[in-house]
Amino acid sequence: MEEKLLIGSHVSMNAPEFYLGSVKEAISYGSTAFMFYTGAPQNSYRKPLSELKIQEGRKLLLDSGIDESKIIVHAPYIINAANKNKPDLWEMSIKTITSELKRTAGFNCKTLVLHPGNHVGNGFDVAIETLAEALDKVFEQDGTDVKIALETMCGKGTEIGINFEQIAKIIELSHHKDRLGVCLDTCHTSDYGYDLSDFDAILDDFDKIIGLDRLLVIHLNDSKNPRGAHKDRHENLGYGFIGFETLNKIAHNPRVSNIPKILETPYINEKPPYAPEIKMLKSGQFVENWKENF
């Protein structure tokens, strides 16, 4: 079973090796999937694809047996396509999402994770309609087959996409439903109020409201805060309120065996914790005090 677990983490993409370096980093953690940004997450500045050593990275992926279709790209955080109060920002968000879809296709990846955005006082209904309109504008011009995975959010501030019903509404309003899926973040869903200890019940709910075929990626994170806190503070596996046992069951649930699980847990002493976390998930065994001994 071990080799079939689709598990990985967020990895960096820095000079001089860029995507080749991302692949090397993922392999060093024992990953079978991973997620990256095509540039800095805080802005829309992007280096040309021709400079990013994509073909070298893809060759290493092939040699390493990692399924390219299980590699995820995350859109930058500056996007808010759910609010038209600042038309320039809305248009910039549409332009940035379109560009990111094209860049994702340039890496031969198939899934772009996107935060749905914030209503900034306009209310959920208006924001959901605004986002659906923006996504349709994107899909009418991007020219790719990359899917957008709308990430489940925790309800902090004026976030939208905070429950399955809101995500379903966004998809329902779109004229390009085939291009939309979901990224389920365990920290966010717990912080919103979902009880992840019975993940099959969560999946049943998801299937009824959205459709399980739309689940494209899982962000597997523990949470620093109790269920329903609406805080969005990730914790290392086994050190939060969700706990290793629940997260391990999610990772190994046969209903999501084909879905990549991506860790976005905090660095420890400025070092990525992903190798020991992935090792524990592969073995299904929690190592006591692993974080203190890291």
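These lines cover the structure that appears in this document, whether it is placed above or below. From a predicted model like this one, the values you see are computed outputs, not experimental measurements.

What follows covers the overall build of the protein. When helices and strands are tallied, the protein shows 9 helices and 10 strands. For the protein, the C-alpha atoms occupy an extent of roughly 50 × 45 × 35 Å along the three principal directions. In the protein, which comprises 294 residues, the share counted as buried stands at 53%. Partitioning the intrachain contacts of the protein with sequence separation of at least 6 by distance along the chain shows that 76% fall at a separation of at least 24. A total of about 12700 Å² of accessible surface is found on the protein, and carbon and sulfur atoms cover 49% of it. Averaged over its 33 positive side-chain charges, the protein has a centre that lies 4 Å from the centre of its 42 negative ones.

Moving on to the layout of surface pockets. Taken as a whole, the largest pocket spans an internal volume of roughly 480 Å³. In terms of lining, the largest pocket is formed by 27 residues, of which the most central are Tyr37, His74, Tyr77, His115 and Asp232. Each residue belonging to the lining of the largest pocket can be placed in one class, and the counts come to 13 nonpolar, 7 polar and 7 charged. Taken as a whole, the second largest pocket holds about 270 Å³ of empty space. Forming the boundary of the second largest pocket are 17 residues, of which Met13, Asn14, Thr38, Gly39 and Ala40 lie nearest the centre. Split into classes, the residues belonging to the lining of the second largest pocket amount to 9 nonpolar, 6 polar and 2 charged.

A word on the packing of aromatic side chains. Inspection of every chain in the model, using the stated rule, returns 15 aromatic pairs. Arranged with centres 5.9 Å apart and planes meeting at 80°, the rings of tyrosine 239 and tryptophan 290 form a pair that is edge-to-face. On the criterion of sequence distance, the pair formed by tyrosine 239 in the loop between strand E9 (234-235) and helix H8 (244-251) and tryptophan 290 in the segment after helix H9 (274-283) is long-range, its members being 51 residues apart. Plain terms: the ring middles of phenylalanine 244 and phenylalanine 286 are 5.4 Å apart, the flat faces sit at 45° to each other, and that makes the pair tilted. Placement of phenylalanine 244 in helix H8 and of phenylalanine 286 in the segment after H9 is noted, with a sequence separation of 42 residues between them. For phenylalanine 244, a relative accessible area of 9% corresponds to the buried category. Relative accessible area serves as the criterion here: at 26%, phenylalanine 286 is assigned to the partly exposed category. An aromatic cluster of at least three residues, connected via ring pairs, comprises Tyr239, Phe244, Phe286, Trp290 and Phe294. Above the ring of tryptophan 90, the side-chain terminus of lysine 84 is found at 4.6 Å from the ring centroid.

This part covers the pattern of salt bridges. With the rule as written, the count across this model stands at 15 salt bridges. The salt bridge partner of lysine 249 is glutamate 245, with a shortest N-O separation of 3.5 Å. Of the two residues, lysine 249 and glutamate 245 are both situated in helix H8; the distance of 4 residues between them amounts to about one turn of the helix. What you see here is one network of salt bridges that share partners, running through Asp200, Asp204 and Arg255.

What follows is about the state of the cysteines. A complete count under the given rule lists 0 disulfides for this structure. In this structure cysteine 183 is a free cysteine whose sulfur lies 12 Å from that of cysteine 187, the closest cysteine sulfur available.

It is worth spelling out the environment of serine 69 at this point. Tracing the chain through its elements places serine 69 in the loop between helix H2 (54-64) and strand E3 (71-74). Distance from serine 69 to glutamate 288, taken between C-alpha atoms, is 34 Å for residues 219 residues apart in sequence.

It is worth spelling out the environment of leucine 6 at this point. Tracing the backbone shows leucine 6 in the segment before strand E1 (7-10). Residue leucine 6 is classed as buried on the basis of its relative accessible area of 11%. Residues leucine 6 and cysteine 183, 177 residues apart in the sequence, show an inter-C-alpha distance of 15 Å. Excluding anything up to four places from it in sequence, leucine 6 contacts Thr32, Lys70, Ser257, Asn258, Ile259, Pro260 and Lys261.

In contact at an axis separation of 7 Å, helix H1 (residues 18-28) and H2 are set at 25° when each is read in the N-to-C sense. Classed by the angle they form, the pair H1 and H2 counts as roughly parallel. Within the contact between the two elements, H1 uses Tyr19, Leu20, Val23, Lys24 and Ile27 and H2 uses Ile54, Glu56, Gly57, Arg58, Leu60, Leu61 and Ser64. Across the contact of H1 with H2, the residue classes tally to 7 nonpolar, 2 polar and 3 charged.

Conventions adopted
- Residues numbered from 1 in each chain as written.
- Predicted model: local features only at pLDDT ≥ 70, side-chain atom pairs only at ≥ 80, totals over all residues.
- Heavy atoms only, no water.
- Helix = DSSP H or I, 4+ residues; strand = E, 2+ residues; numbered from the N terminus.
- Buried < 20%, exposed > 50% of the residue type's maximum accessible area, 1.4 Å probe, protein only.
- Contact = heavy atoms within 4.5 Å.
- Areas by Shrake-Rupley, 256 points an atom, 1.4 Å probe, with all protein chains shown as cover.
- Lys, Arg positive; Asp, Glu negative; His and termini not counted.
- Charge placed at Lys NZ, Arg CZ, Asp CG, Glu CD.
- 1 Å grid on protein atoms, 1.4 Å probe; cavity = no way out; pocket = protein on both sides within 12 Å on 5 of 7 lines; lining within 4 Å.
- Points joined across faces, edges and corners; volume = space filled by probe spheres on them.
- Nonpolar A, V, L, I, M, F, W, Y, C, P; charged D, E, K, R; others polar.
- Phe/Tyr/Trp six-rings, centres within 6.5 Å; stacked < 30°, edge-to-face > 60°.
- Lys NZ or Arg CZ within 6 Å of the ring centre and 35° of its normal.
- Salt bridge = Lys/Arg side-chain N within 4 Å of Asp/Glu carboxyl O.
- Disulfide = S-S within 2.5 Å.
- Axes fitted to C-alpha atoms, helices over the stretch in contact; angles between N-to-C directions.
- Parallel < 35°, antiparallel > 145°, perpendicular 65-115°, else oblique.

These results come straight from atomic positions and should not be treated as a statement about function.
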